[in-house]
Structures are given as structure tokens and as C-alpha cells.
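Each chain, written out:
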Amino acid sequence: MNLEGYTLQLILREIENGSLSPEDVNEFYYKRSVELNSVLNAYITLLEPRSRAEGDLKGIAIAIKDNISTKGIRTTCASKMLENYVPPYDATAVSSLKKHGGSVLGKTNMDEFAMGSSGENSAFGPTRNPLNKEYVTGGSSSGSAAAVAADMAPIALGSDTGGSVRAPASFTGIVGFKPSYGAISRYGLIAYANSLEVIGILGKSVEDVKILFKMIAGKDPMDSTSINVDLKEKNISKPNILVIKSFVELSSEEVKKEFYNSIGKLESAGFGISYVDKFSLTDYMLSSYYTIACAEASTNLSRYDGIRYGPKVESASNWRDYISKARSFFGPEVKARIMMGTFILSAGYYETYYLRALQLRKMIKQEFEKIISGYDAVYVPTMPVLPWKIGKAIEDPKIAYAADVLTVLPNLTGSPAISIPVGKVREFFVGGQFIGLRAEDMKVLKVAAIAENVLQVKKNGRN
Ligand code: GLN
């Protein structure tokens, strides 16, 4: 039995009609994962299948990013700091999956503490792109994307603080959905920058991510920032979309060409296409994002002191020595961000940097809400470039920061955004993202499903 290219939708249908058994499905993904993981490094931890064929998910095992807590299963955040950490509880998203009959296939590789855009910043080594093993998968949900793209999992959970679900989805040619802020509970998601991040879903089709989204969305008493978004199907047949030209212009020639090409196809299929030349705050999105993200990271990561969390330090001469040795379990990118964040929040700089970034964020949100009014979604490329060779962003981290320029907007505004493959260059794909207003998740899912059907860039074989 070979399930290459199978969508979750198809698997569930075939289980329903008796042509597949949940045991066979789990066996297939487990075996294939064991076989491919030594090359792709998609999983940090893989679990032997233990199916209970019940619920809507029939016991199917799903890949979970290693910053999402799983009871009794090691959860490392791809860091030496949490190398042996076993959470005593499940994240709400995981317990919801289990309630629907899902199980955990393994914990996926990622940039350490979700800080990165390429999957290169992992203490467990980089994830390799199934489309070309010398290239990055994109990050920080690198392992979740590689696992889905290489048929090592039917579907996966990731997290998206500034693009971490959409970036690797774009680089590996799959679908990546970042829901509205709060639409999926963050309880049990190990915090990096809590005001920006969400749990997201990586799958082979828009329908697949929607199936999972509906199972795990909703207000959760354990997360006071969670909300109920309307989960009813939206009735749209000819979407009206808005293209922000100043975003497209930030992309490489190859990306631009494929992206404009996709617009032509959408237009022929009846999409209403409008253009706006400039989003006036384009130049401030990255600085606002990184200022807020680093500030929040420095506070969120203060708990890793070798006392509350993190490995015990064997010998230390005094308290300062203890803390400094304990903090040395962090990798270089995490340390750099904690230092930047601590500086940004320090007396005298707080107003200059942090407060300004918050003001900018508010202005960005207002401008976005203004330009999107009257449209079903904004449509822009996901990544301005194609995947780069492994090692490049380690040499020059600015490459990774710059690659986030088109993905941070929805995190600053709390909007839903979904990346789907919209073009192809050599062995790689170009991703395009549909962005909506906060809480209009079903609308962007609907628009993306129509676009996916029109473009048919990636025939995932069997739907
Ligand atoms: N690349 C961005 C960062 O490093 C986004 C990461 C993410 O979404 N977790 O902050």
C-alpha cells in the first residue's frame, strides 16, 4: 500500500468506505518516516503507532511541532534547554485532536523556540527540503512542512508568530494556514512572542487544513485570549481580491513572474482583481514585528534559568554563575534575541523602541482594515524569494529576517492568512497568501479553496 500524495480527506473517505484501515494508514506514515528521517530530519521524536480507530479522525496519527505540549511525550522546542522536558499535560489543540480520535505521530523539528525562517536554527540540525535536500524547508515549522510534503505525515500542526507556518508551506509546496489570533487556543504552546503567535495547520490541501481547523478551533477557558470564530461555510463563488503592489515589488523576479501569472489565471476564472499601489507602512512592518517579538521573547524565556525550567547546573560558584551557566543552553539566535529584547525593554529605551513599535502596530492594523474593506481577501506572495541553500542564513541571519517581510503583517493585525502553491520554478513552488480580517477565517479558507481549484499548481495526486 502506498499513500503518497493522499490528502487527509481522501484517507478519511477510504477508511469510511472500508478500502483503508486506520492501522494501515498509521503503519504507512510511521515506516516511511523512519526511512526518510535520517535524510530529511523532519522529526525530533517519532512514536510507534498505537491506533484506536474511533472518532472523526479514526485514530489517525498527526505530526505535532515540538513547541506544542504533549503529555508524556518529550517536547524540546528544538533546544538543548528543553532536551529532556516531558510536559505533564497536553496543549488544548492536542487534547481536542485526541477527542476527535486523533493521535500523535511524532514531534517535528523546528528553529529553536520558533525563532527563524528556514529551519536552520535547530539544536538538532537543519531540516532538509524534500524538493531538494541541499535547500532549506523554510521555518520555523520546518519539520511539520517537510513531513507533510514528503508523505511522512497526513497533516501537521505548527505555530506561526511571524510566518512560521506559511513560510515552510511555501518553500515545500504545500498549504499552510495561520488562523486569526485566538481562534485556536494557545494553552500548551510554549511561548515565544505571545501577542503575535497562533497554532497553525500544514496540509496537502485547503480542505485538509479546514477539516482540522474546525476540530481544534474555539474559545478555551485555559486561554483568556482565545475567541470563537464563525465556523459556518461561506457562500462565495467569485471572490474579490486586492493585490498590494508594494508587497509584490519586494519579491524576486522569479517570484513576481509566477505570482502575476497566477493573477491572470484567477482573473480568467472570474476573480475580481483590484490593485492598490502602496501600503504606506510597508517599510515599518519588519521593524515593528522584530521589536515586539524580541521584547516578548526576553520576558517569556526568562523562566529558563535551570531552576524553574532547563537542565540543572552541576557546579556553580554563586548565583550569577549558576544563572549564566544555565542560560548557556540556549543557541546563538535565541541568545541574540533575548539580549535585543532586554535592551528594548530597558529604562530609557522602552519608549523609544517598544512603545513606538506598539504604536506602529496599531497604525498598521488601521491601514490594513481600511484597505481591505469591500474585498474578500488581500492576495500577495508568501515569500519574496525561493528556498536558499542550507547554511546561508546561519552565515548571515539578516537573510532570514528579510524573508519575513511579507508574512508578518497578519501577525501584527491578528488576521487569518493561508499560503497555497500558486506557481512553480524549477523543483520549487511559489506560494501566494490570502489574508482576511480577524475572525473571518472561513472566508479566507473559501477564497483559497477556489483559487487552489483554479490554479491546480500541484496535483497532489489523489483528492
Ligand atoms: N521568522 C520569524 C521569526 O523568527 C517568524 C517565526 C515564527 O513565526 N515563529 O521571528
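The coordinates are above.
An account of the accompanying structure is given in this report. Sequence order as written defines residue numbering, which begins from 1 separately in each chain. Given that this is a predicted model, residues contribute local features only at a pLDDT of at least 70 and side-chain atom pairs are listed and counted only at 80 or more, while totals for whole chains, interfaces and linings are drawn from all residues. The side-chain figures draw on all heavy atoms in the structure; neither hydrogens nor water molecules are used.

1. With respect to the packing of helix α6 (residues 206-216) against helix α16 (residues 441-455)
Angles here are taken between N-to-C directions and fall from 0 to 180 degrees, while the axes themselves are lines fitted to C-alpha atoms, restricted in helices to the stretch in contact. Starting at the N terminus, helices and strands are each numbered in turn, a helix being any DSSP run of H or I of at least four residues and a strand any DSSP run of E of at least two. Following both chains from N to C, one finds α6 and α16 inclined at 160 degrees, their axes separated by 9 Å at the closest point. For the element pair α6 / α16, the angle class is roughly antiparallel. Here α6 runs over α16; the crossing is left-handed. Side by side, α6 and α16 meet where V206, V209, K210, F213 and K214 of the first sit next to D441, M442, L445, A448, A449 and E452 of the second. Gly is placed with the polar residues, together with every amino acid not listed as nonpolar (Ala, Val, Leu, Ile, Met, Phe, Trp, Tyr, Cys and Pro) or charged (Asp, Glu, Lys and Arg). In terms of residue class, the contact of α6 with α16 is made up of seven nonpolar, no polar and four charged. Relative orientations are named as follows: roughly parallel for angles under 35 degrees, roughly antiparallel for angles over 145 degrees, roughly perpendicular for angles from 65 to 115 degrees, and oblique for any other angle. The sense of a crossing depends on the near helix, which, turned anticlockwise from the far helix by less than a right angle, makes the crossing left-handed and, turned clockwise, makes it right-handed. Whether two residues touch is decided by their heavy atoms; if any such pair falls within 4.5 Å, the residues are in contact.

2. Describing the packing of aromatic side chains
Aromatic rings from Phe, Tyr and Trp, taking only the six-membered ring of Trp, are treated as a pair when their centres fall within 6.5 Å; an angle between ring planes under 30 degrees marks them as stacked, one over 60 as edge-to-face, and anything in between as tilted. Counted under the stated rule, the structure contains 20 aromatic pairs. Seen in terms of ring centroids, F113 and F330 are 5.8 Å apart; in terms of plane orientation they differ by 70 degrees. Their pairing is edge-to-face. Within this pair, whereas F113 is found in the loop between β3 (103-108) and β4 (128-129), its partner F330 is found in the loop between α10 (319-327) and α11 (332-345), the two being separated by 217 residues in sequence. This pair shows no difference in class: F113 is buried, exactly as F330 is. Lysine NZ or arginine CZ positioned within 6 Å of the ring centre and within 35 degrees of the ring normal marks a charge as sitting over the ring. Its guanidinium or amino end placed over the ring of F124, K80 lies 5.9 Å from that ring's centre, counting from NZ or CZ. The ring of Y275 has K245 lying over it, and the distance from NZ or CZ to the ring centre is 5.3 Å. Note on exposure labels: buried denotes an accessible area under 20% of the residue type's maximum, exposed denotes more than 50%, and partly exposed covers the range between, all computed with a 1.4 Å probe on protein chains only.

3. With respect to the sheet that holds strand β9 (residues 240-244)
Following DSSP output, two strands are said to pair if at least two bridges run between them. Pairing is mixed across the open sheet formed by 11 strands, whose spatial order is β1-β3-β2-β6-β8-β7-β12-β13-β11-β9-β10. Looking along the sheet, the strands with just one partner apiece sit at the ends: β1 (43-46) and β10 (272-276). Neighbouring strand axes in the sheet, compared pairwise and without regard to direction, differ in orientation by 30 degrees on average. Both strand β2 (residues 61-65) and β3 contribute to a ladder of five bridges, which runs parallel. Bridge pairing links A61 to S103 in β3.

4. Some thoughts on a nonpolar patch on the surface
On the surface, a nonpolar cluster with roughly 290 Å² of combined accessible area is contributed by F343, Y349 and Y353. Locating Y353 in the fold gives a position in helix α12 (residues 350-372). Candidates for patches are residues over 30% relative accessible area with no salt bridge; among them, like charges are joined within 9 Å and nonpolar side chains (Val, Leu, Ile, Met, Phe, Trp, Tyr) within 5 Å. Using a 1.4 Å probe, the Shrake-Rupley method yields the accessible areas, and only the shown protein chains count as cover for residues. We define a salt bridge as a contact between a side-chain nitrogen of Lys or Arg and a carboxyl oxygen of Asp or Glu at a distance within 4 Å.

5. Notes on the packing of α11 against α12
As a packed pair, α11 and α12 sit with axes 7 Å apart at the nearest point and diverge in direction by 105 degrees. By the angle between their axes, α11 is roughly perpendicular relative to α12. Only Y350, Y353 and Y354 of α12 make contact with α11, whose side of the interface consists of F343, I344 and L345. Taken together, the residues of the contact of α11 with α12 break down into six nonpolar, no polar and no charged.

6. Points about empty space enclosed by the protein
In this analysis a 1.4 Å probe is tested at points of a 1 Å grid over the protein atoms alone, and where it fits but cannot get out there is a cavity; an open set with protein on both sides within 12 Å along at least five of seven lines is a pocket; lining residues have an atom within 4 Å of a point. Grid points are joined across faces, edges and corners, and a volume is the space filled by probe spheres set on the points. Applying the stated criterion to the full structure yields one cavity of 30 Å³ or more. If you add up the space inside the largest cavity, you get close to 80 Å³. Lining the largest cavity we find 15 residues, and of these G116, S117, S164, Y289 and D404 sit closest to its centre. Among the residues forming the lining of the largest cavity, the class breakdown is six nonpolar, seven polar and two charged.

7. A word on the layout of surface pockets
Of the pockets and cavities examined, the second largest pocket occupies roughly 250 Å³. Surrounding the second largest pocket, 15 residues form its lining, Y89, L189, I190, A191 and R303 being those nearest its centre. A breakdown of the residues in the lining of the second largest pocket according to their chemical character gives nine nonpolar, three polar and three charged.

8. Description of the nonpolar core
Residues grouped as a nonpolar core are buried Ala, Val, Leu, Ile, Met, Phe, Trp, Tyr and Cys residues, joined through side-chain atoms within 4.5 Å. One finds L157, L212, I418 and F434 to be the most contacted residues of the largest nonpolar core, which totals 88 residues. Looking at this core element by element, the count peaks at eight residues for α16. Residues A78, M110, V334 and L412 belong to the second largest nonpolar core, which totals 45 residues.

9. Comments concerning the site of the ligand
For this purpose, a residue is taken to be near a molecule or strand whenever a single non-hydrogen atom of the residue falls within 4 Å of it. Around the ligand sit 15 residues, and of these G162, S164, Y192, Y289 and D404 come closest. Between Y192 and the ligand, the recorded distance is 2.6 Å, taken from a side-chain N or O atom to an oxygen atom. Within the side chain of Y289, a nitrogen or oxygen atom sits 2.7 Å from an oxygen atom of the ligand. Here the ligand loses 99% of its free accessible area of 290 Å² to cover by the protein chains. Classifying every residue of the shell around the ligand by side-chain character gives five nonpolar, seven polar and three charged. Counting of polar contacts relies on pairs of N or O atoms within 3.5 Å, with two restrictions inside protein: one atom must be capable of donating a hydrogen and the other of accepting it, and residues adjacent in sequence are counted only when both atoms are side-chain atoms.

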